[in-house]
Amino acid sequence: SGLDAIPEAPVTARLGGAIKDDRFLPLEEIRREFQALGLDEIINYSMWSLPQCLQGTTFSEEEILKVHNPISIDTAFLRPTLLPGLMHVVAHNIAHNEHNLRLFELGRVFRKNKGHYCENTQAGIVISGARHPERFGSDLAATMDFYDLKGLLTRWLKTRRLADDCNWQSAESPAFKPGAGATLTVKGKNIATFGEAATVLTKGIRLRAPLFIALIDVDALLKLKAPAPSYTPIAQFPATSRDISFI
């Protein structure tokens, strides 16, 4: 008896499969792309109260999934969008005097649609505060606006080689102020809605600068096929310049 009696056995291992079959790899790529854009990741719970789930959306109460035997009424419903968590983190940061925000979240959202239960992956981005917090003087007073968020989305699409096929249209949404919302379509597919956060979302939050939000349909985006990357060879005789003085 004892450890000496345990028979020896050769270690066996099996390959897990091709990396292209990894379901989480595309999400990891999006995560790295957002981080490369200067965004910090946040993680939230999937369960919130009913008013939080409905706020800033067009969903009805019948479309929100209720948790059986919830621990608290504040965590009794599954989020249909990432808005509840995004706004919770924004409020927490503002309360702690952190006003320069560049945040993103990747997570699952849930809803009921005509008797069917839908679960999708969504990405959310929030930005607010100084455009260049690392600078001084008048540059420090400049705050981010609608076009900073649009430019951020454009740079992201360029990374995925989809910027040439995108279209921007103004749109109205309960999540955004009137006249300050837009939709992004890529190859005819609705990919994102974004704009300045509506007053109903920011009420009670002591913002010093406007808050801008983007909600991205990750599942729809991943179904789009990007064109193959193209390269331009380096010229055999590269151009050069030189200053010449004649006396």
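Above this text is the structure in question.
Below, the structure is looked at part by part. Bear in mind that the values here come from a model prediction, so they are computed numbers and not experimental data.

## Examining the overall build of the protein chain
Now for step 1: Per the secondary structure count, the protein chain includes 7 helices and 9 strands.
Now for step 2: Taking 18 Å as the expected radius of gyration for a compact globule of 247 residues, we find that the protein chain reaches 24 Å, considerably beyond that expectation.
Now for step 3: Principal-axis analysis of the C-alpha atoms gives the protein chain an extent of 95 × 65 × 40 Å.
Now for step 4: Looking at the protein chain residue by residue over its 247 residues, the buried ones come to 36%.
Now for step 5: Of the contacts made within the protein chain by residues no fewer than 6 positions apart, 61% connect residues no fewer than 24 positions apart.

## Some words on the nonpolar core
One recurring pattern in soluble globular proteins: nonpolar side chains tend to sit buried together.
Now for step 1: If you look at the biggest cluster of nonpolar residues, it comprises 31 residues, and the most contacted ones within it are F34, I125, L157 and I216.
Now for step 2: By residue number, the principal contributor to this core is helix α5 (residues 146-159), which donates 5 residues.
Now for step 3: With residues up to four places along the chain from it excluded, the contact list for L157 reads L162, A163, C166, L184, V186 and L221.
Now for step 4: If you look at the next biggest cluster of nonpolar residues, it comprises 20 residues, including M87, A197, I205 and I213.

## Some points on the packing of aromatic side chains
Now for step 1: In total, this model carries 5 aromatic pairs according to the counting rule given.
Now for step 2: Arranged with centres 5.2 Å apart and planes meeting at 65 degrees, the rings of F34 and F104 form a pair that is edge-to-face. Of this pair, F34 sits in helix α1 (residues 25-36) while F104 sits in strand β4 (residues 101-113); the two residues are 70 residues apart in sequence, bridging distant segments of the chain.
Now for step 3: Taking relative accessible area as the criterion, F104 reaches 0% and is therefore assigned buried.
Now for step 4: Between the aromatic rings of F34 and W156, the centroid separation amounts to 4.9 Å while the plane-to-plane angle is 50 degrees, which identifies the pairing as tilted.

## Details of α5
Now for step 1: Under the 1.5 Å per step criterion, the end-to-end length of α5 is 20 Å for 14 residues, consistent within 8% with the ideal 20 Å.
Now for step 2: Listed in full, the buried residues belonging to α5 are L149, L152, L153, W156 and L157. The arc that holds the buried residues of α5, viewed along the axis, is 135 degrees, so those residues lie on one side. Exposed positions of α5 whose direction lies more than 90 degrees from the buried face are Y147 and K158.
Now for step 3: In this structure D145 caps α5, since a side-chain oxygen of it lies 3.1 Å from the backbone nitrogen of Y147.
Now for step 4: The first or second residue beyond α5 is R161, which carries a positive phi of 60 degrees.

Parameters at a glance
- Residues numbered from 1 in each chain as written.
- Predicted model: local features only at pLDDT ≥ 70, side-chain atom pairs only at ≥ 80, totals over all residues.
- Heavy atoms only, no water.
- Helix = DSSP H or I, 4+ residues; strand = E, 2+ residues; numbered from the N terminus.
- Rg over C-alpha atoms; globule rule 2.2 N^0.38 Å.
- Buried < 20%, exposed > 50% of the residue type's maximum accessible area, 1.4 Å probe, protein only.
- Contact = heavy atoms within 4.5 Å.
- Core = buried A, V, L, I, M, F, W, Y, C linked by side-chain atoms within 4.5 Å.
- Phe/Tyr/Trp six-rings, centres within 6.5 Å; stacked < 30°, edge-to-face > 60°.
- Expected span 1.5 Å × (residues − 1).
- Arc of directions from axis to C-beta.
- Polar contact = N/O pair within 3.5 Å; in protein donor to acceptor, adjacent residues only side chain to side chain.

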